[in-house]
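If you want the building blocks of each chain, they are given just below.
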Amino acid sequence: MTRLLHLSDVHFGAVDHRLVQPLLDLAHKLQPDVTVISGDLTQRAQPDQFAAARAFIDQLPGPVLSVPGNHDAPLWNLPVRLAAPFARYRHAIGRELEPLVSLPGAVLQGINTANPLVWKAGHLTDASAGRLDTAFARAPTQAMRIAVMHHAPVPASDGTPADLAAPAAALAALARAGTDIVLSGHTHMPHAGFAETAAGVLFLQVGTAISTRLKTRTNDFALIELGSGSVTRHDWLSHGGGPFLPSAPQRFLKTADGWRRLAES
Ligand SMILES: [Fe+2]
């Protein structure tokens with residue numbers, strides 16, 4: 001059974017350091033086949049923040065697939081932001097901004113939705129949509145096709161928009177590519193749900209795994225087990241002193257008509 005560990009918005013530079021080692025310990029205990037970080041590795045794209053993010057990644061169970069978020073391009077250094085916005089990310093984290101990971105039963109395509117020309121909103125470019133088309137067309141028939149992108153085209157659970165430009169077009173592109181699951185962050189709020197115009201796509205968002213930039217009362221991440229369609233959120237109460245505790249798994253089933261949410265087990 002393929003297991004994905006989904007982390008997001010770790011924001012080195014604004015980390016609650018109490019959470020780091022417990023998260024690393026739990027990550028190893030959960031034995032994922034891949035660990036996903038869906039953007040915002042840093043708070044302000046500073047070299048020391050990227051170095052800390054790199055050290056964190058090196059302690060996670062591999063392989064690790066990460067994509068940039070809007071915080072991973074320098075905000076105030078305009079020459080760097082405009083000329084080479086992801087140079088620091090590439091140097092510390094990896095040259096490939098849109099990495100591909102193939103596993104038994106799953107193909108994961110990273111997509112860079114961070115747009116350095118705007119403050120924090122994202123975009124799904126034609127080039128990125130084409131990359132999804134290609135990766136998923138080449139994937140084995142039975143493989144789950146998973147897109148990893150910082151900004152999602154659906155709102156968070158409280159209605160907060162995920163700030164992706166032209167969300168209707170993005171939804172159409174994801175559906176056309178045959179996407180089964182989208183893993184995202186950005187809103188710092190967990191969410192699992194669907195979009196009417198893309199019935200075949202399950203949208204899974206997690207909050208911030210370890211940063212102090214909370215939008216809810218907890219830090220969280222998720223373990224996704226593709227074989228059973230289960231998504232298990234792990235939460236750390238911000239004032240509770242830990243540990244990360246699992247919630248009852250949510251379960252999803254993909255049919256010919258799209259995804260269905262199953263009763264909690
Ligand atoms: Fe963030």
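One structure accompanies this document, and this report is about it. (Residues numbered from 1 in each chain as written. Predicted model: local features only at pLDDT ≥ 70, side-chain atom pairs only at ≥ 80, totals over all residues. Heavy atoms only, no water.)

Points about helix α2 (residues 47–59)
Moving on, step 1. Given a rise of 1.5 Å per residue, 13 residues ought to cover 18 Å, and the 19 Å separating the end C-alpha atoms of α2 matches this to within 8%.
Moving on, step 2. For α2, the full list of buried residues reads Gln49, Phe50, Ala53, Phe56 and Ile57. Take α2 and look down its axis: the buried residues cluster within an arc of 115°, on one side only. Residues of α2 that are exposed and angled more than 90 degrees away from the buried face: Pro47, Asp48 and Asp58.
Moving on, step 3. Turning to α2, the residues buried within the fold contact β1 (3–7), α1 (20–30), β2 (34–37), β3 (64–66) and α4 (87–92). (Helix = DSSP H or I, 4+ residues; strand = E, 2+ residues; numbered from the N terminus. Expected span 1.5 Å × (residues − 1). Buried < 20%, exposed > 50% of the residue type's maximum accessible area, 1.4 Å probe, protein only. Arc of directions from axis to C-beta. Contact = heavy atoms within 4.5 Å.)

Thoughts on the sheet that holds strand β8 (residues 191–195)
Moving on, step 1. The strand order across the open sheet built from six strands is β4-β5-β6-β7-β9-β8, with neighbouring strands paired in mixed fashion. Lying at the two open borders of the sheet, with one neighbouring strand each, are β4 (100–103) and β8. Neighbour-to-neighbour, the strand axes of this sheet turn through a mean angle of 20°, independent of strand direction.
Moving on, step 2. Here four bridges tie strand β7 (residues 181–184) to strand β9 (residues 198–205), and the two strands are oriented parallel to one another. Of the residues in β9, the one forming a bridge with serine 184 is glutamine 205.
Moving on, step 3. Each of β4, β5 (106–111) and β6 (144–149) is contacted by helix α5 (residues 126–138), which is oriented at about 170° to β5, the strand it contacts most.
Moving on, step 4. In this fold helix α6 (residues 167–176) packs onto β6, β7, β8 and β9, with an angle of close to 105° to the strand it touches most, β9. (Pairing = 2+ DSSP bridges. Axes fitted to C-alpha atoms, helices over the stretch in contact; angles between N-to-C directions.)

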